[in-house]
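# Notes for the structure review
The lines below spell out each chain.
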Amino acid sequence: MDEAPAGVVVETASVEGHRDEGHRGVAILLGMAAILATIVGVRATALSSDASDTWQSALRTEVKRSAGALADIRYLYMTEVPPVVTILGDRMQEAELRAAAARETGAVAQTLTREADVKASVVSAISTSYELATHPAYALPGGGVNLGLRLSDLRNQDPDLVALDPDALQAAGDALGLKAEAMTLPLLPIGLAALFGALAQPFAGRRRLLLALGAGALALGALTAAAVEVLV
């Protein structure tokens, strides 16, 4: 049986070794590209989920804040203002009756005074139930009441509700959404790395070049992902 020359055997073995090395390089590149793409995809998905949760939290917070503000406004204008308007009107009538009684004499003056006393009794009985009508801080120089200050005081009775900040949550959700979008950018060079790896398999003559390009694209993808994670 004929034996192949030693030089041919060595050359054949060398070629086979290069082929095996080239196949290993392709497999490693494709495997690393798949792993990195998975990591980036999972991170982008997690960021997108966090953004969605934050947006939903912002919406719930806005609804809660608006409901609290509406409740305070309803209480002020439907519960406090109507009787206080009556109280202010009775005070004005009392003052006018007493002024008129001072200008009259006899029975007319007595009648006007009694009417003024009735108004004073009604005001005294009702006003004690409404801080808006009795607290000096709410009294205006012209005789009215400071509804803006009263509403502010009602709102501040629940500081936790006033402190709700849906705008901050919305901004945080927007930032997470932007980061999730940016995290998809590394998938482009990672995809190119996979493409170069796939092309290196059939084109043996260009394998080294294609693997080098693939490694560079893979490194670019990893650096891009790191930059997005740190900077965005």
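Residues numbered from 1 in each chain as written. Predicted model: local features only at pLDDT ≥ 70, side-chain atom pairs only at ≥ 80, totals over all residues. Heavy atoms only, no water.

## Focus: the overall build of the protein
Counting its regular elements, the protein contains 8 helices and 0 strands. Along the protein, from the amino end to the carboxyl end, the secondary structure elements read α-α-α-α-α-α-α-α. A compact globule built from 232 residues should have a C-alpha radius of gyration of about 17 Å, whereas the protein, at 41 Å, is more than 25% larger. With the C-alpha coordinates aligned to their principal axes, the bounding extent of the protein is approximately 155 × 25 × 20 Å. Sorting the 232 residues of the protein into buried and exposed places 27% on the buried side. Looking at the protein as shown, the accessible area adds up to about 14,400 Å², and 64% of this sits on carbon and sulfur atoms. (Helix = DSSP H or I, 4+ residues; strand = E, 2+ residues; numbered from the N terminus. Rg over C-alpha atoms; globule rule 2.2 N^0.38 Å. Buried < 20%, exposed > 50% of the residue type's maximum accessible area, 1.4 Å probe, protein only. Areas by Shrake-Rupley, 256 points an atom, 1.4 Å probe, with all protein chains shown as cover.)

## Considering the side chain of Asp-72
Tracing the chain through its elements places Asp-72 in helix α1 (residues 6–103). Dropping the residues within four chain positions of it, Asp-72 is found in contact with Leu-151, Leu-154 and Arg-155. (Contact = heavy atoms within 4.5 Å.)

## Structural notes on a nonpolar patch on the surface
Residues Leu-188, Leu-192, Leu-195, Leu-199 and Phe-203 make up a contiguous nonpolar surface patch of about 470 Å² in total accessible area. Position of Leu-199 among the secondary structure elements: in helix α7 (residues 187–200). Looking at Leu-199, the relative accessible area reads 31%, which means it is partly exposed. (Patch = residues over 30% accessible without salt bridge, like charges linked within 9 Å, V, L, I, M, F, W, Y side chains within 5 Å. Salt bridge = Lys/Arg side-chain N within 4 Å of Asp/Glu carboxyl O.)

## A closer look at helix α2 (residues 106–127)
For α2, spanning 22 residues, the distance from its first C-alpha to its last is 31 Å, which sits close to the expected 32 Å at 1.5 Å a residue. Turning to α2, its buried residues are Ala-109, Leu-112, Ala-116, Val-123 and Ser-127. Taken down its axis, α2 places every buried residue within 70° of arc, on the same side. Summarising the geometry of α2, the exposed residues directed more than 90 degrees from the buried face are Ala-107 and Ala-125. (Expected span 1.5 Å × (residues − 1). Arc of directions from axis to C-beta.)

## Some remarks on α7
At 3.6 residues per turn, the α-helix brings residues three or four places apart onto the same side. In a regular helix each residue adds 1.5 Å, so 14 residues correspond to 20 Å; α7 covers 20 Å between its end C-alpha atoms and thus fits that length. Where α7 is concerned, the buried positions are Pro-189, Ile-190, Ala-193, Phe-196, Gly-197 and Ala-200. Buried residues of α7, viewed axially, fall in a sector of 115°; they line one side.

## Overview of the confidence of the model for the protein
Residue-level pLDDT values for the protein average 88, and 91% of them are 70 or greater. A low-confidence stretch, residues 6–15 (pLDDT under 50), is modelled with 1 contact involving residues beyond four sequence positions or located in other chains. (pLDDT = per-residue confidence, 0-100.)

## Thoughts on the pattern of salt bridges
Scanning the model with the defined rule gives 9 salt bridges in all. Measuring nitrogen to oxygen at the nearest pair gives 2.7 Å for the salt bridge that ties Arg-43 to Glu-229. A residue pair is termed long-range when its members are at least 10 positions apart, and Arg-43 in helix α1 and Glu-229 in helix α8 (residues 207–231) qualify at 186 residues. For Glu-229, a relative accessible area of 31% corresponds to the partly exposed category.

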